[in-house]
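These are the residues of each chain, in order.
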Amino acid sequence: MERRDFLRRSALGGAALGTGLLSKSAWGEVLPKRFERGVEGVSALARDEAFWRARRREFAPAPDFINLEYGYFCPAPLPVLEAEQKGSSEINARASYFMRREMWDEMETTRAELAALAGVDAGEVCITRNTTESMNIIVQGLDLEAGDEIVYSDQDYGSMVEALRQKQERFGIVLKQTAVPLHPESDEEVVAAFEQAITPRTRALHVTHMINLTGHVLPVRKICDMAHARGVEVIVDSAHAFAHVDYKVSDLDCDYLGTSLHKWLCSPVGLGMLYVKKEKIPKLWGLMGDTVRADDDIRKLERLGTRPYNHHRGLREAIRYHEAIGAAEKYERLRYLNTYWTQHFRDHERVVLKTPAASERHGAIANVGIEGVDPKVLGEFLYDRYSILTAPIPNHPVASGVRITPGLPTPLRHLDRLVEAIDSAAKVL
Ligand SMILES: Cc1ncc(COP(=O)(O)O)c(C=O)c1O
């Protein structure tokens, strides 16, 4: 069976089952391996437009604008949405019976499947609402004293910087900002940016895995190795890298990590993951109090109260969808979408790209600007004249520009239109 037929049938097959979920083996059996590389160094599957057209139909995006802002969140594909909605009806019908007698087991199944996807132990994973919550559980939960230092970067996400600032105001910790180079020549240059900010008082580095402003993927494993050699812990904001970059959390050897699942895993909106390395769990205080569970029980960090557990049904379907496409193949496609259009502007006299060109340093996201043009003006031009939705980033000290984020449903013709639009903007603005 062709993989595209399989994926389409899976949506129907899933709906026929009670939970809307297929067993892992049912997905795994039929995955063809079509990852041979073509002349341009891009896999055959990444360039197989018929395959990706079929994926677009599974997302059924609104036709009245071109979405190049998949960075906010990726819509759930229809099988995921269906599992979530069916779960909502079922849980509504079973009511407290579900909550009291079924929910706990189901929660553990979901946790185990998510942990397997992340390549870590289920006892190291919590399901949260998003990255913001996950990262706050870490930052607010760390037992730090006045004078202890945390190193963060000039391109970290605003809400994460706010979490750090609150910690500073409340507990007197010291924040040290480092500058991440926009176009590093080597991993070592990025590692050095963090290393030079470490002092004997440094307790942790706060590292954004994929910078949301530019799409720059940082060499997190090398940063962790350097930090650990100096007795410093590493907190990773992987909001954009998880299920986008092809990696397992265990590959990073970080101490703490937060991510959103509604971004690149395409889960229902309102889901995130918190990872805490087993031996670090006793060190964290929960954001919600829990003195009942053992100190090293990750569940002490997720006493979040009553939640929409139907989201977890959608999450499990999203994991299957991700695995059916294949993490490596998905990452390759997303990188291909980036280079497909950015290559037109790498040497342009007015167009500026603030995203590294090297394939290991980016995914789908890129940051583009035109010399002398306010990003807001460029963003409006792209929308008003070409119906292209983007994310303008005005007034950032180093990363101002317009963020362009294609996603799994993006066809190449949308990127052709983007190239035409930027070419035109560079002439008339
Ligand atoms: C780097 C980074 N961290 C954290 C977040 C927050 O994600 P969420 O709104 O899902 O909590 C974002 C959102 O775009 C982000 O880009």
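This text goes with the structure placed above it.
Residues numbered from 1 in each chain as written. Predicted model: local features only at pLDDT ≥ 70, side-chain atom pairs only at ≥ 80, totals over all residues.

S.K.: What is the right way to read the sheet that holds strand β2 (residues 125–128) from this model?
M.R.: Pairing between the strands of a sheet is mediated by backbone hydrogen bonds and can be parallel or antiparallel. Judged by pairing direction, the sheet is mixed, and its 7 strands sit side by side in the order β2-β8-β7-β6-β5-β3-β4 without closing on themselves. The open sheet terminates on both sides in strands that have one partner only, identified here as β2 and β4 (174–178). Sheet twist, expressed as the mean angle between neighbouring strand axes with direction ignored, is 20°. (Pairing = 2+ DSSP bridges. Helix = DSSP H or I, 4+ residues; strand = E, 2+ residues; numbered from the N terminus. Axes fitted to C-alpha atoms, helices over the stretch in contact; angles between N-to-C directions.)

S.K.: Would you mind going over the site of the ligand with me for this structure?
M.R.: As a matter of local geometry, the ligand sits amid Asn130, Thr131, Thr132, Tyr157, Ser159, Met160, Thr208, Asn212, Asp237, Ala239, His240 and Ser260. Elements supplying a minimum of two residues to the shell around the ligand: α5 (131–141) and α6 (158–171). Classifying every residue of the shell around the ligand gives 3 nonpolar, 8 polar and 1 charged. (Near = placed C-beta within 6 Å. Nonpolar A, V, L, I, M, F, W, Y, C, P; charged D, E, K, R; others polar.)

S.K.: Help me understand the sheet that holds strand β10 (residues 366–370), please; the structure alone is not making it clear to me.
M.R.: Ordered by their spatial adjacency, 4 strands build an open sheet running β9-β10-β13-β12, and the pairing between neighbours is antiparallel. For this open sheet the edge positions go to β9 (351–353) and β12 (391–393), each flanked by a neighbour on one side alone. When strand polarity is set aside, the average angle formed by the axes of neighbouring strands in this sheet is 30°. Pairing of β9 with β10, which is carried by 3 bridges, proceeds in the antiparallel orientation. When the bridges of β10 are listed, leucine 353 appears paired with valine 368. Set on the sheet, helix α12 (residues 375–386) makes contact with β10, β12 and β13 (401–404); between it and β12 the angle comes to about 165°. (Contact = placed C-beta atoms within 7 Å.)

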